[in-house]
Amino acid sequence: DLACYCVDRMGQKAIQVPELGRYIMLRIRLATMSYVHNIVHLEVEQLVSALDNLPPMERIFGREGVLRYLTALLTRATQLRDSARWSGYHPSVRESLRFIDHSFTEPGLTLAHAAQAAGLSPNYFSTLFRKEVGCTFGEYLTEKRIGRARELLRSTALRTAQVAQAVGYQDAHYFSNLFRRTQGCTPREYRSRSAEE
């Protein structure tokens, strides 16, 4: 969504100019490398090597090509960040975090599902998760969902009910109340503030 937002802000005609497309890709690549370097603490050579499997920018043209490149870049950066962030965790917790991060938009996701992905009983998983991650499964899931909701509110025109469903909440009223409780404002107010900024 971030890639789509950046590309679409350029305009349809502008993004067709190869030099502008490469400029956007390069700027986002450099910003992404800086972000990952600061988070993961990889040496620049290691970071370049980790992102080296992306196609050469000079072969990419048009909106779809730029979007594919940026999506691949941001996906790889996220993988690097997550692998570093989770490296100190128990292997079962790492596995559950991967599972949650890939499944958090599923409405029926429960602690039992995450425990099963980790290969642990729900009770033991709950205790281990809280000890390792520093919050409960429910708190972590809510943080993931609300974080994604903030992104959608900033970068799309989806209605609140659509955002709620997109992040795994079937009840838009419950989502709005939860958003207000955790963010201090309603989804509509958050979107308005983001637009003003």
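Scroll up to find the structure this text is about.
Residues numbered from 1 in each chain as written. Predicted model: local features only at pLDDT ≥ 70, side-chain atom pairs only at ≥ 80, totals over all residues. Heavy atoms only, no water.

**Student:** Help me out: how do you make sense of the overall build of the protein chain in this one?
**Tutor:** On a plain count of helices and strands, the protein chain comes out with 12 helices and zero strands. When the elements of the protein chain are put in sequence order from the N terminus, they spell out α-α-α-α-α-α-α-α-α-α-α-α. Long-range pairs, those at least 24 residues apart, make up 61% of the contacts in the protein chain with a sequence separation of at least 6. About 11600 Å² of surface is accessible on the protein chain, with carbon and sulfur atoms providing 51% of the total. (Helix = DSSP H or I, 4+ residues; strand = E, 2+ residues; numbered from the N terminus. Contact = heavy atoms within 4.5 Å. Areas by Shrake-Rupley, 256 points an atom, 1.4 Å probe, with all protein chains shown as cover.)

**Student:** Could you clarify how one ought to interpret helix 11 (residues 172–183) in this entry?
**Tutor:** An α-helical segment advances 3.6 residues per turn. Residues three or four places apart therefore align on the same side. Compared with an ideal rise of 1.5 Å per residue, which puts 12 residues at 16 Å, helix 11 spans 16 Å between its outermost C-alpha atoms and is within 8% of the ideal. Those residues of helix 11 not exposed but buried are F175, L178 and F179. Taken end-on, helix 11 shows its buried residues confined to a sector of 105°, consistent with a single buried face. Turned more than 90 degrees from where helix 11 packs its buried face, H173 and R181 sit exposed. (Expected span 1.5 Å × (residues − 1). Buried < 20%, exposed > 50% of the residue type's maximum accessible area, 1.4 Å probe, protein only. Arc of directions from axis to C-beta.)

**Student:** Where do I start with the side chain of S92 in this structure?
**Tutor:** Along the chain, the position of S92 falls in helix 6 (residues 91–103). By relative accessible area, S92 is classed as buried at 13%. A distance of 3.4 Å separates the side chain of S92 from the backbone oxygen of A118, its partner in a polar contact. Contact partners of S92, with chain neighbours within four places excluded, come to A118 and L120. (Polar contact = N/O pair within 3.5 Å; in protein donor to acceptor, adjacent residues only side chain to side chain.)

**Student:** Sorry, what's going on with helix 6 here?
**Tutor:** For helix 6, which comprises 13 residues, the first-to-last C-alpha distance of 18 Å matches the rise-based estimate of 18 Å (1.5 Å per residue) to within 8%. Of all the residues in helix 6, the buried ones are S92, V93, S96, L97, I100, D101 and S103.

**Student:** Where do I start with the packing of aromatic side chains in this structure?
**Tutor:** Two numbers describe a pair of aromatic rings. These are the distance of the centres and the angle of the planes. If you walk through the whole model with that rule in mind, you get seven aromatic pairs. With 5.6 Å between their ring centres and 75° between their planes, F179 and Y190 make a pair best called edge-to-face. With F179 in helix 11 and Y190 in helix 12 (residues 187–196), the pair connects residues that are 11 residues apart, well separated along the chain. The class for F179 is buried, based on a relative accessible area of 0%. What links up through ring pairs into an aromatic cluster is the set Y169, Y174, F175, F179 and Y190. Taking NZ or CZ as reference, K144 lies 5.3 Å from the ring centre of F104, over its face. One Lys or Arg, R145, reaches over the ring of Y169 and ends 4.9 Å from the middle of that ring. (Phe/Tyr/Trp six-rings, centres within 6.5 Å; stacked < 30°, edge-to-face > 60°. Lys NZ or Arg CZ within 6 Å of the ring centre and 35° of its normal.)

**Student:** Explain the pattern of salt bridges here, please?
**Tutor:** It is possible for side chains of opposite charge to pair when their charged atoms get near one another. Summed over the entire model, instances satisfying the criterion amount to three salt bridges. Residue K144 pairs with D101 through a salt bridge whose shortest N-O separation is 3.4 Å. Of this pair, K144 sits in helix 9 (residues 137–155) while D101 sits in helix 6, and the two are 43 residues apart along the sequence. Across the pair R148 and E151 runs a salt bridge whose closest N-O atoms are separated by 3.0 Å. (Salt bridge = Lys/Arg side-chain N within 4 Å of Asp/Glu carboxyl O.)

**Student:** What is the right way to look at the packing of helix 9 against helix 12 in this model?
**Tutor:** To characterise two packed helices, one gives the angle between the axes of the helices and the distance between these axes. With their axes 9 Å apart at the nearest point, helix 9 and helix 12 run at an angle of 55° to one another. By the angle between their directions, the pair helix 9 and helix 12 is classed as oblique. Helix-helix and strand crossings are classified by hand; for helix 9 and helix 12 the assignment is right-handed. Contacts between helix 9 and helix 12 involve R150, L152, L153 and R154 from the first element and P187, Y190, R191 and S194 from the second. Considering only residue class, the contact of helix 9 with helix 12 consists of four nonpolar, one polar and three charged. (Axes fitted to C-alpha atoms, helices over the stretch in contact; angles between N-to-C directions. Parallel < 35°, antiparallel > 145°, perpendicular 65-115°, else oblique. Left-handed = near helix turned anticlockwise from the far one by under 90°. Nonpolar A, V, L, I, M, F, W, Y, C, P; charged D, E, K, R; others polar.)

**Student:** Looking at this model, I keep getting lost on the packing of helix 6 against helix 7 (residues 111–118). Mind explaining?
**Tutor:** At a minimum axis separation of 8 Å, helix 6 and helix 7 run at an interaxial angle of 130°. Considering the angle they form, helix 6 stands oblique to helix 7. With respect to the hand of their crossing, helix 6 and helix 7 are arranged in right-handed fashion. Listed contacts from helix 7 to S92, E95, S96, F99 and I100 of helix 6 are H113, A114, A117 and A118.

Function-wise, these values are silent; they only describe arrangement.
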